[in-house]
Amino acid sequence: MAVALPGVVEELLSEMAAAVQESARIPDEHLLSLKFVFGSSAIQALDLVDRQSVTLMSSPSGRHVYQVLGSSGKTYTCLASCHYCSCPAFAFSVLRKSDSLLVRMGKALLTVVKSGEK
């Protein structure tokens with residue numbers, strides 16, 4: 001039985017969010033899975049999370065936006081609702097190359113960060 005990669009990624013996201021809610025930590029096997037699926041981009045994104053460079057901002061209407069302080073010191077805006085980020089990596093990988101896996105990685109990390117802030 002073949003399993004599509006997006007299904008595997010969605011399952012990984014779900015397991016990561018559950019792990020963070022239970023223990024406020026991501027198990028090593030999930031970190032290895034992220035690296036396997038997303039390559040070096042996962043390590044860079046996790047580094048931003050470790051450095052607490054991701055901030056969830058909520059409006060009174062219930063809308064959410066993430067502000068990410070990049071390694072260059074510049075702040076980028078990530079919109080999880082429409083899978084968009086203002087960073088150069090997103091523009092190159094997703095908008096120019098149509099690499100939807102980068103979008104899924106961003107969604108994974110935003111989901112984990114959001115779960116840990118509750």
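Predicted model, so just to flag it, every value in this text is computed and none were measured.

The rules behind these values
- Residues numbered from 1 in each chain as written.
- Predicted model: local features only at pLDDT ≥ 70, side-chain atom pairs only at ≥ 80, totals over all residues.
- Heavy atoms only, no water.
- Helix = DSSP H or I, 4+ residues; strand = E, 2+ residues; numbered from the N terminus.
- Buried < 20%, exposed > 50% of the residue type's maximum accessible area, 1.4 Å probe, protein only.
- Areas by Shrake-Rupley, 256 points an atom, 1.4 Å probe, with all protein chains shown as cover.
- Pairing = 2+ DSSP bridges.
- pLDDT = per-residue confidence, 0-100.
- Contact = heavy atoms within 4.5 Å.
- Polar contact = N/O pair within 3.5 Å; in protein donor to acceptor, adjacent residues only side chain to side chain.
- Disulfide = S-S within 2.5 Å.
- Axes fitted to C-alpha atoms, helices over the stretch in contact; angles between N-to-C directions.
- Parallel < 35°, antiparallel > 145°, perpendicular 65-115°, else oblique.

### Some remarks on the overall build of the protein chain
Here is step 1 of the chain: The helix and strand inventory of the protein chain stands at 5 helices and 4 strands.
Here is step 2 of the chain: In the protein chain, which comprises 118 residues, the share counted as buried stands at 32%.
Here is step 3 of the chain: About 7,600 Å² of surface is accessible on the protein chain, with carbon and sulfur atoms providing 56% of the total.

### Things to note about the pairing of strand β3 (residues 75-79)
Here is step 1 of the chain: Only one face of β3 is buried: it carries Tyr76 and Cys78, and the other face, with Thr75, Thr77 and Leu79, is open.
Here is step 2 of the chain: The antiparallel hairpin formed by strand β2 (residues 64-69) and β3 contains 5 residues in its connecting segment, where Gly73 sits at a positive phi of about 95°.
Here is step 3 of the chain: Two elements, β3 and strand β4 (residues 84-85), share 2 bridges in a ladder whose sense is antiparallel. Counterpart to Leu79 in the pairing with β4 is Tyr84.

### Some thoughts on the confidence of the model for the protein chain
Here is step 1 of the chain: Taken as a whole, the protein chain shows an average pLDDT of 75; of its residues, 74% reach a score of 70 or greater.
Here is step 2 of the chain: No element of the protein chain has a lower mean pLDDT than helix α5 (residues 100-116), which averages 57, and none a higher one than β3, which averages 87.

### Re the environment of Cys78
Here is step 1 of the chain: Relative to the helices and strands, Cys78 resides in strand β3.
Here is step 2 of the chain: Along the primary structure Cys78 and Val65 are separated by 13 residues, whereas in three dimensions their C-alpha atoms are 6.0 Å apart.

### Points about the sheet that holds strand β1 (residues 54-58)
Here is step 1 of the chain: Read from one edge to the other, the open sheet built from 4 strands follows the order β1-β2-β3-β4, with strand pairing classed as antiparallel. One side of each edge strand has no neighbouring strand; the edge strands of this open sheet are β1 and β4.
Here is step 2 of the chain: By the bridge criterion, 4 bridges tie β2 to β3 in an arrangement that is antiparallel. When the bridges of β3 are listed, Gln67 appears paired with Thr77.

### What to know about the environment of Ser58
Here is step 1 of the chain: Mapped onto the secondary structure, Ser58 falls in strand β1.
Here is step 2 of the chain: Setting aside residues up to four positions removed in sequence, Ser58 forms contacts with Arg63 and His64.
Here is step 3 of the chain: In this structure the side chain of Ser58 is engaged in a polar contact, spanning 2.9 Å, whose partner is the side chain of His64.

### Overview of the state of the cysteines
Here is step 1 of the chain: The tally for this structure, following the rule as stated, stands at 0 disulfides.
Here is step 2 of the chain: No disulfide involves Cys87; its sulfur sits 3.6 Å from the nearest other cysteine sulfur, which is in Cys85.
Here is step 3 of the chain: A relative accessible area of 17% means that Cys87 is categorised as buried.

### Considerations on the packing of helix α2 (residues 28-38) against helix α3 (residues 40-50)
Here is step 1 of the chain: The interhelical angle for the contact between α2 and α3, taken along N-to-C directions, is 130°, at an axis separation of 6 Å. Looking at the two axes, α2 sits oblique to α3. Where α2 abuts α3, its residues Leu31, Leu34, Lys35 and Phe38 lie against Ser40, Ser41, Ala42, Ile43 and Leu46.

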